[in-house]
Structures are given as structure tokens and as C-alpha cells.
Amino acid sequence: MSEEAAITRLPQARRPGLLGGYEWATLCVVGLAFAVPVLTRNPQILSQTNLILIAATASLGVYIMLRMDLMSFAVPAFMATGGYTVALLSLRLGVTDAILLGVAAFVMPALCAIPLGWLILRLKGVYFVLVTFVLTEIVQLLLFEATPLTGGSNGLVGMPAVTLFGIELMDNSQVLLTTAGLAFAGFAITALFTRSFRYEFAAIEKNDVLAESLGLACWRYKALAFSVAAGVSGLAGFALVNMLLTAHPTSFAPMSSVTYITYTIVGGKGAILGTLAGAALLVTATDLFALKGELSPGLFGLLIIVVTLLARGGLIGLAAKAVGRLRRASPGAPARVAPITAVPARGMKS
């Protein structure tokens, strides 16, 4: 076999599956949300599922950037961009088709993120955190002050129900189906994107300077990730506005970015399933602790501290360790011995 043929075939032989186990598991769990309106008509369950899906979808914007060790506080800004885009299209132009609105909610924030990324993605660490938080504050100010466009402190109210193939999706169960569709789209896009570039993201997370010196165009991958994260956040903004039938600045408060970061870290930032697990736990806990009145913030904070201390890798990391221990403790499990192989140094040809 010629050298050219060998080079052509090797990447194909080593090419992994389209998605990994965590990605397939996450999509299956999100897909189960479509069955909830069929199984129950309980308004509380429908509302709770809606909130969990919106929170998990918004947290994907944090998860994507954390894959490159960048903690973004810009999720509410892009959620507002997507949400207000949908509200303006439906109120001013009469567009109610869910598919068209979903595309607009993704594309508009993604396009806005391109010039913003050119400005702020050269920053790292606390500087990136600070600038993304200030960006969210600026967007919040614009929502209040640009009254002719955004409605100011009154917001945009009276939105018509979205439609799918001419059918209005108005009641609670139909709103949940819309949210489930947007969440599934967001998780599918994120899973495919992060899986396709996982090696590049891992290199940037470990040492972006070294990766750059070895020829990896780090800034290009960061810009692409920032744009996709913005688009996915826009889908969450669409789902939130559709649930409330109102686009209001307070729905996209800058401090909500801390909540989405918390969901991602508590669930486990190393796996996409972590955003769903963290949102499910903390949204449910918020609802339960609300019954305790003034003790609610303290109980919620205590829960976060306990989970963070006991599960450094998040809920998913803790579950993965528990499964690994059970496998090793099972009597029929064979001992695993790592083969001794010659490994060439990074950056050197074998």
C-alpha cells in the first residue's frame, strides 16, 4: 500500500462514532419530554418540565464555552436576543410558524456573537468573565431604554401563540411540546458540535498557547464555539418567551447567568448530560424550598455547597465513579491490565 493511501485510510479507521454514550443518553432523556403531555395533564408537572428544559437549554451556552475553559456570563444577553427576535417577528410581522421562529432565534444571536467574539475572545480568565458580564448588563440597559423597539419597562406583550403546520400551540401541553422541540434541537446541535471538535477543545482547555504553537487555530474554534453557544441560548430565550407570551427585560436579568453556570457545574461540566442533571435537581429543589419561605435561599445554597463538596465532577462525575466502583467490585469482573505500548511524544512523528 502506498503512503498516500495509508494516510487517507488511517483517519477513517480511527474515526469515532457520530455521538458518544453521554450524547445519546442525553438526547434520549430530552426526547422523553415529548411523552410527558401524553402521560399527564397536571399543570404543575407540565410547568416544572418546561422550566427544567429551558434551564438546561440555556446552560448549554455555558457548557460549550467551559469545554475551552472559558466561563461565559453572556447567556442572558443571547437569550434576550433570541427571545426579542421572536417577539418582534410575531407581533410586528405576524410570523408565528414555530420552525421559522426557531431558526430566527438561533441565527440572530449567532450572527451577533461573531463581531462580539472578535472583540472579547482574545481575553482569558477573569477578564473574559468580567467582559461577558458587562455585555449582559449593556444588553439589559438597551432593553429598558430602546422603548420603540423593545417596549422598555413594559416589554412586548400580547404575543400570539406559535403555530406548527397551521395548528396553534396554545395550551400547557402544547407549549411543553414546543419547548421540548427547541430543547431537543439545542441539545442535538451542541452534541454534534462538541463531539466533532472535542480534540481541539481539549487541547485549548489544557494549554491554548501550546496548541497555538503546534498549529491549532485556537481563536477560530473559540469564535465558532461562541457563536454556536449564542445560538443555542437564543433557542432557550424563544422557549421562555413562548411560555410567558411576553418578552420582558427582567426575564433576562444579568444575575441569571450565575444560575446557568451553577446548573452546569453542579450537574458536571465534563458531560453534556450534566446540564440536564443540574437543571433537573436545582429547579426541582427551588420549587420544593419555596415552601419554606425565608429559609429557601439558605437551603438552596446549602444544597449547592453539599453537592459541590461531595461531587467534584458534578452529579454525572459522581455517578460515573459509582458505576466504576460497582464494576470493579463485581466478583465476575476480570482484572484490567493496561497494555504496554510505545507512545510517541506529542508533536513528534512516530
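Parameters and conventions
- Residues numbered from 1 in each chain as written.
- Predicted model: local features only at pLDDT ≥ 70, side-chain atom pairs only at ≥ 80, totals over all residues.
- Heavy atoms only, no water.
- UniProt positions renumbered as here; feature names shortened; annotations may be inferred.
- Patch = residues over 30% accessible without salt bridge, like charges linked within 9 Å, V, L, I, M, F, W, Y side chains within 5 Å.
- Areas by Shrake-Rupley, 256 points an atom, 1.4 Å probe, with all protein chains shown as cover.
- Salt bridge = Lys/Arg side-chain N within 4 Å of Asp/Glu carboxyl O.
- Helix = DSSP H or I, 4+ residues; strand = E, 2+ residues; numbered from the N terminus.
- Buried < 20%, exposed > 50% of the residue type's maximum accessible area, 1.4 Å probe, protein only.
- Polar contact = N/O pair within 3.5 Å; in protein donor to acceptor, adjacent residues only side chain to side chain.
- Contact = heavy atoms within 4.5 Å.
- Axes fitted to C-alpha atoms, helices over the stretch in contact; angles between N-to-C directions.
- Parallel < 35°, antiparallel > 145°, perpendicular 65-115°, else oblique.
- Left-handed = near helix turned anticlockwise from the far one by under 90°.
- Phe/Tyr/Trp six-rings, centres within 6.5 Å; stacked < 30°, edge-to-face > 60°.
- Expected span 1.5 Å × (residues − 1).
- Arc of directions from axis to C-beta.

The chain carries the name Branched-chain amino acid ABC transporter permease in an unreviewed UniProt entry, which gives Methylobacterium crusticola as its organism. Under the UniProt heading Subcellular location (unreviewed entry), the entry covering the chain gives this text: "Cell membrane".

Another aspect to go through is a nonpolar patch on the surface. Among the surface-exposed residues, Ile 99, Val 103, Val 107, Leu 111, Ile 114 and Phe 165 lie close enough to one another that they form a single nonpolar patch of about 610 Å² accessible area. If you trace the backbone, Leu 111 turns up in helix H6 (residues 98–120).

Take Thr 26: it is sitting in helix H2 (residues 21–32). Accessibility expressed as a relative area gives 1% for Thr 26, which makes it buried. In this structure the side chain of Thr 26 is engaged in a polar contact, spanning 2.7 Å, whose partner is the backbone oxygen of Tyr 22. Ignoring anything within four residues of it in the chain, the contact list for Thr 26 reads Phe 187, Ile 272, Leu 273 and Leu 276.

All right, on to the packing of helix H4 (residues 43–66) against helix H9 (residues 172–196) then. Think of two packed helices as two axes; the pair is described by the angle between the axes and how far apart they sit. The interhelical angle for the contact between H4 and H9, taken along N-to-C directions, is 20 degrees, at an axis separation of 9 Å. Classed by the angle they form, the pair H4 and H9 counts as roughly parallel. In terms of crossing hand, the pair formed by H4 and H9 is left-handed. Two secondary-structure elements touch here, H4 through Pro 43, Leu 46, Thr 49, Asn 50, Leu 53, Ile 54, Ala 56, Thr 57, Leu 60, Tyr 63 and Ile 64 and H9 through Asn 172, Ser 173, Val 175, Leu 176, Thr 179, Ala 180, Ala 183, Gly 186, Phe 187, Thr 190, Phe 193 and Thr 194.

What follows is about the packing of aromatic side chains. According to the stated counting rule, one finds 9 aromatic pairs in the structure shown. Aromatic pair Phe 73 and Phe 133: ring centres 5.9 Å apart, planes at 85 degrees, arrangement edge-to-face. In this pair, Phe 73 is assigned in the loop between H4 and helix H5 (75–92) and Phe 133 in helix H7 (residues 125–145), connecting sequence segments 60 residues apart. Aromatic side chains Phe 78 and Phe 226 sit 5.5 Å apart centroid to centroid with 80 degrees between the ring planes, which places their arrangement in the edge-to-face category.

Counted at 1.5 Å a residue, the expected span for H2 with its 12 residues is 16 Å, and the 17 Å between its end C-alpha atoms agrees. For H2, every residue scored as buried is listed here: Glu 23, Thr 26, Leu 27 and Val 30. Down the axis of H2, the smallest arc covering the buried residues is 95 degrees, so these residues share one side. Residues of H2 that are exposed and angled more than 90 degrees away from the buried face: Gly 21, Cys 28 and Leu 32.

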